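Close look at the chain arrangement
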Amino acid sequence: MTEFIVITSGKGGVGKTTSSASIAVGLAKHGKKVAVIDFDVGLRNLDLIMGCERRVVYDFVNVIHQECTLKQALIKDKRYENLHVLAASQTRDKDALTKEGVERVLNELKDEGFDYVLCDSPAGIEKGAFLAMYFADRAIVVVNPEVSSVRDSDRILGLLSSKTRRAETGATPVMQHLLLTRYNPARVVAGDMMSIDDVKEILGIEVLGVIPESEGVLAASNSGVPVILDEASNAGLAYDDAVARLLGQTRAMRFLDAPKKGILSRLFGS
């Protein structure tokens, strides 16, 4: 049975598309048949992070407007044949998306036997974000541990509880997961960043994963390789843990503690 997962946030720049790419790859590594869709019409970044930007011929809007078939627009990942990308349009605006068109595309993906369809949502609450979450069975809410990001994500949780198809039909609510990104334990200790418990207390949902702040994330994105494939990166390992938890496995949280200073650092304050 196909499960539709929206990766969403209230605020831009929190690592949502990076997370969508790594979670999609992680699920594919576990043998799942996965499609990941970029709902950010007019901007389009998912194909860059997935390393398939030069292979985009048709996009999500083309499929919605029946200017091509779904199979023509889906880009098969070169690393995992069970992973496909559906890019956003760079030349249309968000009004090109329709609820009926999105539903038809999602139903086609379901008929094709995909295990998971990931919807990479734009930030905020405009039309593209609404349509990305409307058909969701699960939501991964990506949050930076700082006040504005947490506050904006609280609003997204309200929409997930009231404006989705599941909410409108009285079905089981959308299952919500929290993914904390750019987490820096040293800054938490210094009081410059919210702790995991602070964020959980405000948002009231369980943490799927904590992704540590890492220069490797930017380097991976620039090279078109999702960071989950970098086994030398703490961020990549943390995404791998998050995917395992999403699949029901038990994994201990890692990278939560600030590194202990050695005696020279304590003496000289560096």
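Read on for an overview of the structure. Note that the structure is predicted; figures quoted are calculated from it, not measured.

Calculation criteria
Residues numbered from 1 in each chain as written. Predicted model: local features only at pLDDT ≥ 70, side-chain atom pairs only at ≥ 80, totals over all residues. Heavy atoms only, no water. Core = buried A, V, L, I, M, F, W, Y, C linked by side-chain atoms within 4.5 Å. Buried < 20%, exposed > 50% of the residue type's maximum accessible area, 1.4 Å probe, protein only. Contact = heavy atoms within 4.5 Å. Salt bridge = Lys/Arg side-chain N within 4 Å of Asp/Glu carboxyl O. Helix = DSSP H or I, 4+ residues; strand = E, 2+ residues; numbered from the N terminus. Pairing = 2+ DSSP bridges. Axes fitted to C-alpha atoms, helices over the stretch in contact; angles between N-to-C directions. Left-handed = near helix turned anticlockwise from the far one by under 90°. Nonpolar A, V, L, I, M, F, W, Y, C, P; charged D, E, K, R; others polar. Phe/Tyr/Trp six-rings, centres within 6.5 Å; stacked < 30°, edge-to-face > 60°.

Core analysis: the biggest nonpolar cluster contains 50 residues, and Phe39, Phe60, Leu86, Leu106, Leu109 and Leu160 have the highest contact counts within it. Setting aside residues no more than four positions away along its own chain, Phe39 makes contact with Phe60, Leu97, Val102, Cys119, Asp120, Ser121, Pro122, Gly128, Leu131 and Ala132. If you look at the next biggest cluster of nonpolar residues, it comprises 36 residues, including Ala21, Ala28, Val36 and Ala87.

Tallying each qualifying case throughout the model produces 14 salt bridges. Across the pair Glu146 and Lys11 runs a salt bridge, and its minimum N-O distance is 3.7 Å. Residue Glu146 is found in the loop between β6 (138-143) and α7 (147-162), and its partner Lys11 is found in the loop between β1 (3-8) and α1 (16-29); the two are separated by 135 residues along the sequence. Note on Glu146: relative accessible area 29%, which makes it partly exposed. Salt-bridge contacts for Glu67 lead to Arg92; the nearest nitrogen and oxygen are separated by 2.9 Å. Of the two residues, Glu67 is situated in the loop between α3 (60-64) and α4 (70-73) and Arg92 in the loop between β4 (83-86) and α5 (99-111); the sequence distance between them amounts to 25 residues. Given the relative accessible area of 41%, Glu67 is considered partly exposed. Connected through shared salt-bridge partners, Lys29, Asp240, Asp241, Arg251 and Arg254 make up one network.

Here 8 strands make up an open sheet; going across it, the order is β3-β4-β2-β5-β1-β6-β7-β8 and the pairing mixed. On the outer flanks of this sheet lie β3 (75-76) and β8 (207-212), each paired with one strand and no other. Direction of pairing for β1 relative to β6: parallel, over a ladder of 4 bridges. Looking at the pairing, Thr8 lines up with Val141 of β6.

What follows is about the packing of α7 against helix α10 (residues 196-203). Contact geometry of α7 with α10 gives a least axis separation of 10 Å together with a crossing angle of 35°. The handedness of the crossing between α7 and α10 comes out as right-handed. Contacts from Val150, Ser153, Asp154 and Leu157 of α7 reach α10 at Val199, Ile202 and Leu203. Of the residues that constitute the contact of α7 with α10, the class distribution is 5 nonpolar, 1 polar and 1 charged.

As a further point, take the environment of His65. Considering the arrangement of structural elements, one finds His65 in the loop between α3 and α4. Expressed as a C-alpha distance, the spacing of His65 and Gly101, which sit 36 residues apart in the sequence, is 7.3 Å. Apart from residues lying up to four places away in sequence, His65 is in contact with Arg92, Ala96 and Arg104.

So, on to the packing of aromatic side chains. Counted under the stated rule, the structure contains 3 aromatic pairs. Here Phe39 and Phe60 contribute two aromatic rings whose centre-to-centre distance is 4.9 Å and whose plane-to-plane angle is 70°, an arrangement assigned as edge-to-face. Of this pair, Phe39 sits in the loop between β2 (34-38) and α2 (46-50) while Phe60 sits in helix α3, and the two are 21 residues apart along the sequence. Of the two residues, Phe39 and Phe60, both sit in the buried class. With 5.5 Å between their ring centres and 50° between their planes, Phe130 and Tyr134 make a pair best called tilted. Here Phe130 pairs with Tyr134, and both are found in helix α6 (residues 127-134), just 4 residues apart, close to one helical turn. Aromatic ring contacts, followed pair by pair, group Phe130, Tyr134 and Phe135 into a single cluster.

Here β1 lies mainly inside the structure; 6 of its 6 residues are buried. Of the two faces of β1, the one lined by Glu3, Ile5 and Ile7 and the one lined by Phe4, Val6 and Thr8 are each fully buried. For β1 and strand β5 (residues 116-120), the ladder comprises 5 bridges, and the chain directions are parallel. Note on β5: the bridge partner recorded for Phe4 is Val117.

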